[in-house]
There are 2 protein chains.
Amino acid sequence: MQINLAIDAMGGDLGPRTNIAGVLLALLQDPLLSVTLLGNKQQLQTLLLQHHLSSEFADRIHLLASNDTIGMDEAPASVLRSRKNSSMHLAVKQVAEGRCQGVVSGGNTGALMLISRYYLGMLPGVERPAISTAIPTYKGRTYLLDLGANIDCQPEHLLQFALMGSVMVKRIEGKVRPSVALLNVGHEAIKGNSLVKATAQLLEGHPSVNYFGYIEGNEVFSGEVDLVVCDGFTGNIALKTSEGLARYLSGQIQDLFHKNLYSRLVGLMARPLLHKLKQQMDPVRYNGGSFLGLQGCVVKSHGNADAKGFSYAITRAATEARQGLADQLQLSMQKLNSPQK
Amino acid sequence: MQINLAIDAMGGDLGPRTNIAGVLLALLQDPLLSVTLLGNKQQLQTLLLQHHLSSEFADRIHLLASNDTIGMDEAPASVLRSRKNSSMHLAVKQVAEGRCQGVVSGGNTGALMLISRYYLGMLPGVERPAISTAIPTYKGRTYLLDLGANIDCQPEHLLQFALMGSVMVKRIEGKVRPSVALLNVGHEAIKGNSLVKATAQLLEGHPSVNYFGYIEGNEVFSGEVDLVVCDGFTGNIALKTSEGLARYLSGQIQDLFHKNLYSRLVGLMARPLLHKLKQQMDPVRYNGGSFLGLQGCVVKSHGNADAKGFSYAITRAATEARQGLADQLQLSMQKLNSPQK
């Protein structure tokens, strides 16, 4: 199925050069994909020329000019109304006006969220998008949400996350009844803060959630469940602590194989293995934070994703758009809000 | 300074054999340490005999009989009053009655907490002990608290953690003005849940806290600050997620070096390096969760700590006892509760 995605080509820490390289990787892998790049037209044209693209390939890339880029540290509220010609604004607008089926940006997360809500609107009953990403586990991948969009949560919000996450895993991973766990400090019913305990009561026996029960932090990587639900504060801390630890350990490994002549020699021999290990430890391996709860497909790429990472986020958006994830979420939220018989 | 510690020799997943080995390691390293072991006297005697100890060494080990062990999964409230002859009860009582200067157990955390509160009592103004442990960072080690004792927290609790943690780092690490950060989802003042924002107002300009500001999850491992404060729910999730990731990556490394003949060969050559790496990734490297806020010294060893890990917890308790940490905490909490001039 043909799909056209809007790409904020200026977003992310590494800038348009990396974004363009990521776009080309994604286009190579997906012959039915085309993209609309938003950004400094001259700069993007120069970068594209360096790749000596065939005309057939170049035809799948459309450029739209924007001479304004929202910075990574700008206050989201201040850029929402004042920067309507920024690459991020224009990229999201492509989806709102039906010219693209999804948008990808590596830029300012808070700004992307506000701008997406403004142009696309929320699903009925959802206040702000939840952010979800996949993490590697022993058994494949497990999705975690929310990762920071919803800081002070009520039990009803966590129920929404469980429902939206279930629909997502069903559509994207093809699981029939995805299992859902609540992140907690223990397994017993008496364990946890008041939010978790109240949410467990909503999830137990809910007809649309295959509720597994509580899991603890160390079990997230076991792959025991398909989806782990938590408030955005906890999810953000859990994900970022993991990223920090992975980076710390990656550095330790590098140091270890550079200490003396022997370790350098072993390091040289182990190079292909260490390269593979580094990839496995890379937190952006499953790059792409999906915004769930919007009337449209928005994927946030990690700010410091490389070209490969950026291409993953694009592929992720293409899959969500093809699967009609936003429409499916709308149906499931309508069902939740309509009175039960 | 001579110190005598009570050891719950029956606690932990690996049982008395591992605990005894850990005790002997700690005694070897600390000639002024003696221990009182609580547990099945015959079993402990048999295990000790296997080590062929010199009489001088054996004189530093006292045995006290207890024929009851509290299981790792028993409900804390139910064992508090009904199991007064258990090894954990009797070990904590040694401290309460002044025969030992501290206690170490690898058993049921919740039970150890309730029993410690019951026999030792809390410091004035502290409701339940906070648990703190050190984590490895680029610059040495950083302490994190609370790790799960206080689930639903108020800002005043987090202020207490900051004060108690500061006293601990000052006494144990010898830092003059330990820096204290609040764990949050961003650096800006507007970021965070209501608990974190209200706590920041208490910490800013507090005369007894060297407040650094907010840090994010990935920065915990940077070593930028001496102490990271959070509620027990968040701290537990952050620590356990890190443990889970470290274990997952450790497994990935092992798999990688066992895949084929080449990788096995490299693995053989890299063995000393990999062994060192495994130690560095080991979450129990800085084993020993200190219970802060009690009128006495209690250290919880990780349930699955090996002999070396258990010896770290004992050494930790000896240091805290020698430094008079509990008394210092009492002074600092009195100061907090007395009216400011």
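Residues numbered from 1 in each chain as written. Chains lettered and ligands numbered in written order. Predicted model: local features only at pLDDT ≥ 70, side-chain atom pairs only at ≥ 80, totals over all residues. Heavy atoms only, no water.

A. Spatial organisation of the nonpolar core. Judged by nonpolar contacts, the single largest core of 172 residues is most densely connected at L182 and V229 of chain A together with L182 and V229 of chain B. Ignoring sequence-local partners within four residues, the contact set of V229 of chain A consists of L145, L158, F161, A162, V180, A181, L182 and L183 of chain A. (Core = buried A, V, L, I, M, F, W, Y, C linked by side-chain atoms within 4.5 Å. Buried < 20%, exposed > 50% of the residue type's maximum accessible area, 1.4 Å probe, protein only. Contact = heavy atoms within 4.5 Å.)

B. Seen up close, the relation of the copies chain A and chain B. When chain A is fitted to chain B, the residual RMSD is 0.0 Å, and the transformation amounts to a turn of 180 degrees plus an axial shift of 0.0 Å. The superposition of one copy onto the other is thereby described by a two-fold rotation axis. In this assembly, 100% of the residues forming the interface of chain A have copies in chain B that are likewise at the interface, indicating an isologous arrangement. (Least-squares fit on C-alpha atoms with pLDDT ≥ 70 in both.)

C. Layout of the domain arrangement of chain A. Residue and element names in this part refer to chain A. When cut into domains, chain A gives domain 1 (1-123 + 294-300) and domain 2 (130-292). Computed from C-alpha coordinates alone, the two centres of domain 1 and domain 2 are separated by 27 Å. Taken together, the contact between domain 1 and domain 2 spans 8 residues of the former and 7 residues of the latter. A per-residue breakdown of the area domain 1 buries against domain 2 is headed by M113, L294 and K300, which together make up 58% of the total. At the junction of domain 1 and domain 2, the tally comes to 0 salt bridges. Applying the counting criterion to the domain 1 and domain 2 interface returns 2 residue pairs in polar contact (both at pLDDT 80 or more). At the level of elements, α6 (109-120) and β11 (298-300) are the ones that each hand at least two residues to the side of domain 1 that touches domain 2. With 4 residues, the single largest contributor to the side of domain 1 that touches domain 2 is α6. Residues belonging to the side of domain 1 that touches domain 2 are distributed by class as follows: 5 nonpolar, 2 polar and 1 charged. (Domains from an automatic or database assignment. Buried area = accessible area lost by both parts, 1.4 Å probe. Salt bridge = Lys/Arg side-chain N within 4 Å of Asp/Glu carboxyl O. Polar contact = N/O pair within 3.5 Å; in protein donor to acceptor, adjacent residues only side chain to side chain. Helix = DSSP H or I, 4+ residues; strand = E, 2+ residues; numbered from the N terminus. Nonpolar A, V, L, I, M, F, W, Y, C, P; charged D, E, K, R; others polar.)

D. Representation of the interface of chain A and chain B. In this assembly, 47 residues from chain A lie in contact with 48 residues from chain B. Between chain A and chain B the total buried area reaches about 4,800 Å² when both faces are included, carbon and sulfur atoms providing 71% of it. Its salt-bridge partner being E216 of chain B, residue K240 of chain A comes within 2.2 Å of it at the nearest N-O pair. Put simply, the parts of the chain that give the side of chain A that touches chain B at least two residues each are β5 (130-137), α8 (194-203), α9 (232-256), α10 (261-269) and α11 (271-281) of chain A. No other element matches the 17 residues that α9 of chain A contributes to the side of chain A that touches chain B. Of the residues assigned to the side of chain A that touches chain B, the class counts are 25 nonpolar, 15 polar and 7 charged.

E. Expanded view of the pattern of salt bridges. Evaluated as defined, the whole model comprises 20 salt bridges over all chains. Residue E320 of chain B pairs with R316 of chain B through a salt bridge whose shortest N-O separation is 2.9 Å. Taken together, the residues span about one helical turn, with E320 of chain B and R316 of chain B both in helix α12 (residues 307-322) at a distance of 4 residues. By relative accessible area, E320 of chain B is classed as buried at 4%. Each member of the salt-bridge network shares a partner with another, and the members are D68, E74 and R83 of chain A.

F. Summary view of the environment of R264 of chain A. All names here are of chain A. One can find R264 in helix α10. On a C-alpha basis, the gap between R264 and R316 in space is 38 Å, while along the polypeptide they are 52 residues apart. For R264, the residues in contact, after removing those within four places along its chain, are F257 and H258.

G. Representation of the sheet that holds strand β3 (residues 61-65) of chain A in the model. All names here are of chain A. On the basis of which strands lie adjacent, the open sheet formed by 11 strands has the order β3-β2-β1-β4-β11-β10-β5-β6-β9-β7-β8 and mixed pairing. A strand with exactly one partner marks an edge of an open sheet, and here the two such strands are β3 and β8 (210-215). With strand direction ignored, the average angle separating the axes of adjacent strands in the sheet is 25 degrees. Bridging between β5 and strand β6 (residues 140-145) involves 6 bridges; their strand directions are antiparallel. Following the sheet pairing, I135 is matched in β6 by T142. The strands touched by helix α7 (residues 155-173) within the sheet are β5, β6, β7 (179-183), β9 (227-229) and β10 (289-292), with β9 carrying the most contacts at an inclination of about 165 degrees. (Pairing = 2+ DSSP bridges. Axes fitted to C-alpha atoms, helices over the stretch in contact; angles between N-to-C directions.)

H. Structural detail: unusual backbone geometry. Residues and elements named next belong to chain A. Of the consecutive residues L145 and D146, the connecting peptide bond is found in the cis state with omega at 5 degrees. Here D146 lies in the loop between β6 and α7. A positive phi is found at H52, a non-glycine position, where the angle reads about 45 degrees. Structurally, H52 can be placed in the loop between α2 (41-49) and α3 (55-58). When its relative accessible area of 71% is taken as the criterion, H52 is described as exposed.

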